[in-house]
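A closer look at the structure
The chain contents come next:
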Amino acid sequence: MRPVFAREIAELAPLMIALALVCGLVAVESVSPGADYDGMLAAVIVCGAAVGLVQGGLDRWRRADLFFKHRPVGAIRFELARTLAGFAVVLVPIAILLIVHQTATADAMRDGVKWLPWGAVRQLTDGEALLVGAAFVCTWASVRYGLSRPNVWIAPLSCGALPVVCWAMGSRLETHEEGASLALLASVVFLTLNVIDLAGDRR
Amino acid sequence: MSATPIRFERLTHDYGSHRALHDLTLSVPEGSIYALLGRNGAGKTTALKCLLGFQTPTRGRAELLGYNSMDLPPAERGRIGYVAEGQQLIPWMTVNGLVNLQARSFPGFDRERCHQWLDRLGLPLKRRVFRLSRGMRAQLALALALATHPSVVILDDPAMGLDAVVRREFLEVMIELIQEEGRTLLFTSHILQDVERVADRVGILVDGVLRVDASVEKLKSSVLRYRCDLEAGPAELSGVVATRRMPGELSLTVVGAAAEVEAALRAHGATSVDIERLALEDLFIDYTTYKPGEVAA
C-alpha cells in the first residue's frame, strides 16, 4: 500500500506545492483590511477543484495503466491508498492557509504590531476554519468523483455544484459547524463511492 | 503450484453489442510457452485482461494459479510477471525509480538481479522512461516483470514496434530469462517468426473465436496446403481452413491426414496434387484471412 501512496503523492506533489503557495498568499491577503472571509472560501473551493481535477484525471488515466495496477495489493486497499494520498495533498494547503492566517492575526493582536504591512484585522473563528477546510475537502472529493466517472463532462459539473450549494447554505445555517458537517458528510460519501467504483473497475 | 496455472473456461466478453471473445476455452500447462495469436481486434488483449482480473467477463471464467481471476489474492498476483501492451510504464519516472517502485511493491523482487540485467542491457538508471527508445522500454518492462521471480509470465505483444535487430536481441533475452527457471509463459504476438522460435503451443483467435489450439509441430504437420487442377473440390471434404480459386487451379488448406485428402481430390478428378507444408506465418494468414468457403463451388 505504501508504494502506491508514495507514487500518488509524488505525482501530485507539484500541484500540492503550488496550492500551498496560493493558500499562503490567500491567507495573507485575507488578513488585510477589507478582505472578507467569503473570498478565502472561494479560493479554497478553486484549489479543491484543482486537486480533484488532477486526481480525477489520474483516475481516468490509471484505468488503462495496467503496469501500475498490476501490484500485489487488493483493489480496495490500492484505491484507498490513492485516496489517502489525495487527502494528504489537500491537507497541506489547508494547513498552510489556516496556520498562516491564524499566526499572522494572533501575532498582530498579541504584540499590537502589524507585522504585515497592511495589518491584521480579524481572526478566523473555529467554525469558519472548519468550514474552510471542509469546503476544500468536499470540492476535491466531489470533483474527483465526478471526473472519475465515465461521463466526463456532466459528472464534474453536477458534483462540483455541491460545494457551491453547501457554501450558499452555510450563510443560511445557524452555525458554520453545520455547514462544515454537511460538506464533510458529502465528502465521505463521494470518497467512499469513488474507492468502490475504482476498485470495482480494477477487478 | 497448480498443474494448469492458466485456464480459460468458456470465457465470453462483450463490449456493448460487440462480442470481443466468444466461449474461449484453453489451458496452459505448467512450464509451457503458449503464444496466443490473432489479428488486431481478435480479442487477445481482452483475453489477457480478463485473465489478470482487469476486466470482468460477460460469461465464463478465467483462472490463474488455480484461482478465479476475479478473486485473485494479492499474494498470488505477486507471483505473476506482466508486461502490458505497448511496454506501458510510468513515463516520467527514471529507470531506477521504477526499479525501486517494483522492489517496494513485490516482496520477491530481486533488485540485485534486476540491476545486473539492466547493466547488461545497457539501460541507464538515471534516464527517464520517456527518453528511452522503444527497444529499451521493452527490455526494461521485461526485466522488471521477471525480477519478481514470477511463476507465470504474461506478455502482451512485448516486441510490438521494435525493429528487426532490437527484436532479435529482445527475443534472445526473453528466451534466456524464461528458460532459466522453467516458468509458464503466455504471450501474444504478431511476429510469427518469433513465435515459431519460442512457443511450444499456439492458439489462433479469429474474431474472438479460438480456431486453433495445438502444439506448433502438430499444427505444422497436420495442416497442409493442396494445389490441384480443379475448379471445385469434393463437397464432402472436411477440415478445410481456407479455399482459394485461381483460373484452372484450386488451392485448399486442410487439416487432416494428407493421404486421405489427396485421395479425395484425385477421386474428384484431380490429375495433379501438390502438397505443401506451411510455415506458421502462412498458416496464420490462411486461418485469419481466408474463409473455408464452399469447396464445391
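The residue numbering used here restarts from 1 in each chain and proceeds along that chain's sequence as written. Here the convention is simple: chains get letters from A, ligands get numbers from 1, in the order in which they are written. pLDDT decides what is reported in this predicted model: residues at 70 or higher carry local features, side-chain atom pairs at 80 or more are listed and counted, and totals for whole chains, interfaces and linings draw on all residues regardless. Excluded from the side-chain calculation are hydrogens and water; included are all heavy atoms of the structure.

Quick look at the domain arrangement of chain B
Frequently, the measure chosen for interface size is the accessible area removed from exposure when the parts meet. All names here are of chain B. Let me state the cut-off plainly: Where each domain starts and ends comes from a domain assignment, either automatic or drawn from a database. What makes two residues a contact is simply this: any of their non-hydrogen atoms within 4.5 Å. Defined here as a combined quantity, buried area equals the accessible surface (1.4 Å probe) lost by two parts on assembly, summed across both. Note on definitions: salt bridges are taken to be side-chain nitrogens of Lys or Arg within 4 Å of carboxyl oxygens of Asp or Glu. Comment: elements are numbered from the N terminus, with helices defined as DSSP H or I runs of at least four residues and strands as E runs of at least two.
Each assigned domain of chain B is listed here: domain 1 (6–207) and domain 2 (217–289). Of note, the centres of domain 1 and domain 2, computed from C-alpha atoms alone, are 35 Å apart. Contacts between domain 1 and domain 2 engage 11 residues on the former and eight residues on the latter. Roughly 890 Å² is buried in total at the junction of domain 1 and domain 2, and carbon and sulfur atoms are behind 75% of that figure. At the boundary of domain 1 with domain 2, the tally comes to one salt bridge. Notably, a salt bridge pairs Lys-220 with Glu-196, separated by 2.5 Å at the nearest N-O pair. Elements represented by at least two residues in the side of domain 1 that touches domain 2 include exactly strand S3 (33–38), helix H7 (192–198) and strand S9 (201–206).

Concerning the confidence of the model for chain B
How we decide: pLDDT gives the predictor's per-residue confidence on a scale running from 0 to 100.
Here chain B averages 86 in pLDDT, while 95% of its residues score no lower than 70. What the predictor reports for the complex is a pTM of 0.80 with an ipTM of 0.81.

Remarks on the nonpolar core
Looking at soluble globular proteins, one finds that nonpolar side chains tend to be buried together. To keep it simple, the criterion reads: In these notes, a set of buried Ala, Val, Leu, Ile, Met, Phe, Trp, Tyr and Cys residues joined through side-chain atoms within 4.5 Å is what counts as a nonpolar core. Per-residue accessibility, obtained with a 1.4 Å probe over protein chains only, is compared with the maximum for each type, and a residue is labelled buried under 20%, exposed over 50%, and partly exposed between these values.
Core analysis: the largest hydrophobic core is formed by 68 residues, its most contacted members being Leu-98, Leu-140, Leu-144, Met-174, Phe-187, Val-202 and Leu-219 of chain B. The element that contributes the greatest number of residues to this core is helix H5 (residues 134–146) of chain B, accounting for nine residues. Both domains that meet at this core, namely domain 1 (6–207) and domain 2 (217–289) of chain B, each give it at least three residues. In contact with Phe-187 of chain B, other than residues within four places in its own chain, are Ile-33, Tyr-34, Ala-35, Leu-36, Leu-155, Met-174, Val-195, Val-198 and Ala-199 of chain B. The next biggest cluster of nonpolar side chains, apart from the first, holds 36 residues, and it includes Val-51, Leu-58, Ala-129 and Val-137 of chain A.

Some words on the packing of aromatic side chains
Pairs of aromatic rings are described using the distance from one ring centre to the other and the angle between the two planes. Our working rule: Pairs were defined over the aromatic rings of Phe, Tyr and Trp, the Trp ring being its six-membered one, requiring ring centres within 6.5 Å. Orientation was assigned from the angle between planes: stacked under 30 degrees, edge-to-face over 60, tilted for the rest. We call a charge positioned over a ring when the NZ of a Lys or the CZ of an Arg lies within 6 Å of the ring centre and within 35 degrees of the ring normal.
Counted under the stated rule, the structure contains four aromatic pairs over all chains. With a centroid separation of 6.2 Å and 50° between ring planes, the pair formed by Phe-54 of chain B and Tyr-82 of chain B is classed as tilted. One end of the pair, Phe-54 of chain B, is in the loop between helix H1 (44–51) and strand S4 (59–64); the other, Tyr-82 of chain B, is in strand S6 (residues 80–83), and 28 residues separate them in sequence. In this arrangement the basic side chain of Arg-71 of chain A is found over the ring face of Phe-67 of chain A, its NZ or CZ atom lying 5.2 Å from the centre.

Things to note about the environment of Asp-14 of chain B
Residues and elements named next belong to chain B. Stated precisely, the cut-off is as follows: Here a polar contact is recorded for every N or O atom pair within 3.5 Å, except that within protein the pair must consist of a potential hydrogen donor and a potential acceptor, and residues adjacent in sequence are included only if both atoms are side-chain atoms.
With respect to the helices, strands and loops of the structure, Asp-14 is situated in strand S1 (residues 6–15). Considered as a pair, Asp-14 and Tyr-287 are 273 residues apart in the sequence and their alpha carbons are 23 Å apart. Those residues in contact with Asp-14 that sit more than four places away from it in its chain are Arg-19, Ala-20 and Thr-58. Within the structure, Asp-14 has its side chain in polar contact with the side chain of Arg-19 (distance 2.7 Å).

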